[in-house]
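# Close look at the chain arrangement
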Amino acid sequence: MTVNKTKAQAIAYMKTLKGKGWDFDGAFGWQCFDLSNMQWNYLTGGKLYGYYAKDIPFENNFNGLATVYKNTPSFLPEEGDIFVMDEKYGEGAGHTGTVWSANLNTFVGLEQNWYGGGRYKTEVAQLVTHTYDMNMYFIRPHYKAKASVVSKVKDKVFKPSTSKTKGKKILIASGHGYNDPGAVANGTNERDFIRKYIAPNVQKYLKQAGHTVDLYGGSKQDQNLYTDTAYGERLGDTKNYGMYWVKQQKYDIVVELHLDAASASATGGHVIISNQWPADKIDKDINNCLKATVGTIRGIDPRNDLLNANVSGRLNINYRLVEMGFITNKKDMNYLKKNYDKFSKELAGAINGKAIGGTSGGSKKAKQTKQTKWNWKGRFTPNTAIKVRTSPSINGKVVSNNVLSFTRVKTIKFNFIVKADGYWWISYTSKGKTYYSAICKITDNKEKVKNEKYWGKLKWNW
Ligand SMILES: [Zn+2]
């Protein structure tokens, strides 16, 4: 992103905004933030980030694009600067606009929603005179020295209603936040671990796949989706907070990330959805992703007792809560700590609907790996002495040369079969331990177990 307009162009553009209402993001009508975004989009082609107007100086990387000045008694804003006021304004949200003119005592802003008429589109962009205070910021774009023919040709008019990106609009919400760390165990807590290691990486990979991906609370993720939803409900405000705000933003996909907590032995993740809607492909793909990575403790879990899931069910938001394993389980956390990047990529692939490119990740490799295990049960009655091994391999340790004398049964009930080392193996348990025996050589050219001649009698299922 660069600023590809001169100061003269920027000011000329600003003047065209006066007297009309602008809804840059298609939400909440003509907010103050929308007008600053119109100006910024004209300058750079990009947008300003931040949940509230007051966040603009802190939620954006202005390196090479603009200088952010904090107000001082001797600071004089310039025409075209984007001004930002703190939480004393806008009922806590702050306020923003562009500087129309300024002296050391007051400045005039071109702005929307100063009087609260943005939401219902009754207050167009207009001039308002302000006095200064110390916590005001002025963002001065690094304008281009002079206009070139090329940049004039490149000028685009921003059309909120017709702008399209090929990807989806996705929100990743890290669970907990504010003063709530979530579950704490194994040297970390839910809030911080997810925000640091998982959410930004999931965002990175989804962006690679061409989606528009926001983190709830902006890049600092300094909000708590649950608390915000509850706050909105307390106020009776079903537009501006938490999941209600999420609904207004028209996200295609919302994923809230958590880590579970229980006794140290509980392990694996699971996907929680609202019981108002059936699991969709994303839920199923995430469930499969968990199975293939950290493991699952249960299948997709429809619930009616979780606030965000309930609101998602009521408002038909495409939402799920993902427990990515147990923070209280050493194995789960060691896995996530060691493999957070791979895990994030797999999770992003599940949200994306297919593995996200690159050869370093697990998704592609996993697809290339041929299946070697089938959860097919059956009964096997050997007609010859066959060996008992601790693993399905001709190198597996032999614990007996005759499975019948070892297990003291005539027919072995097996739990699954494995293809390895040119043989088909059955797996069974005896006195609580798992063992393997080869039941035939692989001779069928399609390698179908049902086409083979076994060293005994095989019946599927039990
Ligand atoms: Zn949690």
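What you see as residue numbers is a count from 1 along each chain, following the sequence as written. Local features in a predicted model are, by the rule used here, given only for residues with pLDDT of at least 70; side-chain atom pairs are given and counted only at 80 or more, and totals for whole chains, interfaces and linings are based on all residues. Here the side-chain values reflect all heavy atoms present in the structure, with hydrogen atoms and water set aside.

## Here's the deal with the coordination of the zinc ion
The protein atoms donating to the zinc ion are His176 (NE2), Glu190 (OE) and His258 (ND1), with metal-donor distances spanning 2.0 to 2.2 Å. Metal donors were taken as nitrogen, oxygen and sulfur atoms no farther than 2.8 Å from the ion, or 3.2 Å where the ion is Na, K or Ca. Water is excluded, so coordination may look unfinished. Of note, the zinc ion draws all its donor residues from one chain, in the sequence arrangement H-x13-E-x67-H. Here histidine 258 lies in strand β11 (residues 253–260) and glutamate 190 lies in helix α5 (residues 190–208), a separation of 68 residues in the sequence. Judged on exposure class, the residue glutamate 190 and its partner histidine 258 are both buried. By definition, any uninterrupted DSSP run of H or I lasting at least four residues is a helix, any uninterrupted run of E lasting at least two residues is a strand, and each is numbered from the N terminus. Here's how the labels work: a residue is buried when its accessible area is under 20% of the maximum for its type, exposed when over 50%, partly exposed in between, all with a 1.4 Å probe on protein chains only.

## Side note on the packing of helix α8 (residues 281–292) against helix α11 (residues 340–352)
Axis lines are fitted through C-alpha atoms, for helices just across the contact stretch, and the angle between N-to-C directions can take any value from 0 to 180 degrees. Packing of α8 against α11 brings their axes to within 8 Å, and their N-to-C directions diverge by 155°. On the basis of their axis angle, the class for α8 and α11 is roughly antiparallel. α8 and α11 meet at a crossing whose hand is right-handed. For the pair α8 and α11, the contacting residues are Ile282, Asp285, Ile286, Cys289 and Leu290 in the first and Phe343, Glu346, Leu347, Ala350 and Ile351 in the second. Each residue gets one label: Ala, Val, Leu, Ile, Met, Phe, Trp, Tyr, Cys and Pro are nonpolar, Asp, Glu, Lys and Arg are charged, and the others, such as Gly, are polar. The residue inventory of the contact of α8 with α11, partitioned by class, reads 8 nonpolar, no polar and 2 charged. Angular relationships are summarised with four words: roughly parallel below 35 degrees, roughly antiparallel beyond 145, roughly perpendicular across 65 to 115, and oblique for the angles in between. With the far helix as reference, a near helix turned anticlockwise by less than a right angle produces a left-handed crossing, and one turned clockwise produces a right-handed crossing. In this description, contact between two residues means that some pair of their heavy atoms is separated by no more than 4.5 Å.

## Examining the sheet that holds strand β19 (residues 412–414)
For two strands to be treated as a pair, DSSP must find no fewer than two bridges joining them. Across the sheet, 3 strands lie side by side as β19-β16-β23; this open sheet has antiparallel pairing. In the strand order of this sheet, the two ends are held by β19 and β23 (456–460), each with one partner. The mean inter-strand angle of the sheet, taken between neighbouring strand axes irrespective of direction, is 20°.

## Structural notes on the side chain of glutamate 256
With respect to the secondary-structure elements, glutamate 256 resides in strand β11. Put simply, glutamate 256 is tucked away with no salt bridge, and the nearest opposite charge, on arginine 195, sits 8.4 Å away. Counting of polar contacts relies on pairs of N or O atoms within 3.5 Å, with two restrictions inside protein: one atom must be capable of donating a hydrogen and the other of accepting it, and residues adjacent in sequence are counted only when both atoms are side-chain atoms. One polar contact links glutamate 256 to tyrosine 319, side chain to side chain, over a distance of 2.8 Å. Setting aside residues up to four positions removed in sequence, glutamate 256 forms contacts with Ala173, Gly175, Leu225, Asn308, Tyr319, Arg320, Leu321 and Val322. Only four residue types enter the tally: Lys and Arg on the positive side, Asp and Glu on the negative side, with His and both chain ends excluded. One side-chain nitrogen of Lys or Arg within 4 Å of one carboxyl oxygen of Asp or Glu is enough to make a salt bridge.

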